[in-house]
Amino acid sequence: MEEARWEDAGSMKRRSWPSTHAAGPIRVAGPDIEMDQRHPSLASIFLYFFRLSWAAFGGPLAYISMMEDDCVERRKWLSKEEFAEMLGVTNMLPGPNATEMAIHIGHAKAGKLGGILAGLGFIIPSFIMILGLSWFYFRYGKMPGVDGFFYGVNPVVVAIILLTVLRLGRSTITDSKLACLFLITLLSYWFPPDWRGSSSTPPPRRKPQTRSFSRPWWLQRWSLPSGSSLSFCSCS
Amino acid sequence: MVITIRKLPLILQLFLEFLKASCLMFGTGLVIIPLTGPDVVEFFGWMSYKEFFDGVTLGQISPGPVMKTAGFVGYKVAGIPGATAAFWAVFFPPFLTIILLAPFFRRMRSDPWLKGFLKGVKVGAVAIILGTGASMAQTAFPDLLTVAIGAAAFLATLKPKVNMSVVVVTAGVLGTMAKLL
């Protein structure tokens, strides 16, 4: 990893995306970058995704389009069609999409090891970050300053989630059958069926909650006797 | 035969819980909220709604996938080993699925059954996120100021050119000031 750093050191400056993009790919001195295009080295794949991950703000769509800019236009690792095909496949698999896209690109360019390194490069920064943030939160979260931050930012996150749901909803609920499916899913999430029947005793909850997470308050009073929703944990 | 997950070691509980979330995740990482929230808070009783939602906020405003919130829950439950178990439960399956399924990708893309299945699953994902939206709003909007911040942020994000980090920092500063003053 260390010995590869010099070859990519120059391209660190290129990270001032996306303004440099209009000016076309910037040539970075050094023969390794030239050879990079069809068969990038394992180290350059790892380092690319490692750096991308620190800059990846704004949801999977945002970083997938960053990957497209970099891998298709700038580094010429993939053609536009190849990238679109890969994206189609990752959309069919369960799991975090952007991570899958990183693994997929690495796998296509440098085999199994390439896939593993691309994925690790993309994931390790997130892991470090969430460890640090969790430590900070559980240590200082009760302080009024930190608490106030969440008091202010939580509404913004609700707004972001609502917006994501609206956008996804518009692109996925395309006909009346799917709209019905949407309503049925929503209702069965709020009123989960009691698969085990009334004869079996529900598992005792450690903390009895007066309000259910999975249902808005105006529906709380119609509670059905039921265990945890959508969970294999409570199934027998 | 009854398998009780509560009898398992804590680390394994975390791992299985988030493995489930990873395997059922289609569409967007936000599915982690409806898939694990009720279990984490009500079934296991690991943390409160407030803490869980603060964790989602941390996952959302820091770079990288939202699913890293799993690490936050794991950290609360069992420190660094817990965070490691929960985080890698989410991010390990993609390695397997991509590398093992790679030879079948071409066939998968043209399979009509799989396409139909995914159409339905994605609608379901939207539905369950919206399903928790109402309850999340209860934790996030304790008073009028937060409602105002939320509404302003929503209107701001409707415009595609607005930089989200500016909105987040502004809201954070506003919130801190409101609490301190």
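The shown structure was predicted, so the numbers you read here are calculated from the model rather than taken from an experiment.

A word on the overall build of chain B
Counting secondary structure elements, chain B contains nine helices and zero strands. In chain B, the succession of α and β elements from N to C terminus is α-α-α-α-α-α-α-α-α. With the C-alpha coordinates aligned to their principal axes, the bounding extent of chain B is approximately 55 × 40 × 25 Å. Here chain B, with 181 residues, has 52% of them falling under the buried criterion. Counting only contacts in chain B whose residues sit at least 6 apart along the sequence, the fraction spanning at least 24 positions is 54%.

So, the nonpolar core
Ile105, Ala118 and Val156 of chain A together with Ile32, Ala70, Ala86 and Ile129 of chain B are the most contacted members of the largest nonpolar core, which totals 96 residues. With near-sequence residues (within four places) excluded, Ala86 of chain B lies in contact with Leu14, Phe15, Phe18, Ala70, Gly71, Val73 and Gly74 of chain B.

Structural notes on helix 2 (residues 32–43) of chain B
Think of an α-helix as turning once every 3.6 residues; residues three or four places apart then point the same way. With twelve residues, helix 2 of chain B ought to run about 16 Å at 1.5 Å a step, and its terminal C-alpha atoms sit 15 Å apart, in line with that. Buried residues dominate helix 2 of chain B, accounting for twelve of its twelve residues. Restricting attention to buried positions, one finds in helix 2 of chain B the residues Ile32, Ile33, Pro34, Leu35, Thr36, Gly37, Pro38, Asp39, Val40, Val41, Glu42 and Phe43 of chain B. Looking at the packing, one finds that the buried side of helix 2 of chain B touches helix 8 (176–190) of chain A together with helix 1 (10–23), helix 3 (49–61), helix 4 (69–91) and helix 7 (112–140) of chain B.

A look at the environment of Leu155 of chain B
Relative to the assigned elements, Leu155 of chain B resides in helix 8 (residues 144–158). In this structure the C-alpha to C-alpha distance between Leu155 of chain B and Phe53 of chain B, which are 102 residues apart in sequence, comes to 22 Å.

Thoughts on the confidence of the model for chain B
Residue and element names in this part refer to chain B. Per-residue confidence for chain B averages 85 on the pLDDT scale, and 98% of its residues sit at or above 70. By mean pLDDT, helix 6 (residues 105–109) is the weakest element of chain B at 83, and helix 4 is the strongest at 90. Of the two predicted TM-score estimates for the complex, the pTM is 0.77 and the ipTM is 0.87.

Calculation notes
- Residues numbered from 1 in each chain as written.
- Chains lettered and ligands numbered in written order.
- Predicted model: local features only at pLDDT ≥ 70, side-chain atom pairs only at ≥ 80, totals over all residues.
- Helix = DSSP H or I, 4+ residues; strand = E, 2+ residues; numbered from the N terminus.
- Buried ≥ 20, exposed ≤ 12 C-beta atoms within 10 Å, placed from the backbone.
- Contact = placed C-beta atoms within 7 Å.
- Core = buried A, V, L, I, M, F, W, Y, C linked by C-beta atoms within 7 Å.
- Expected span 1.5 Å × (residues − 1).
- pLDDT = per-residue confidence, 0-100.

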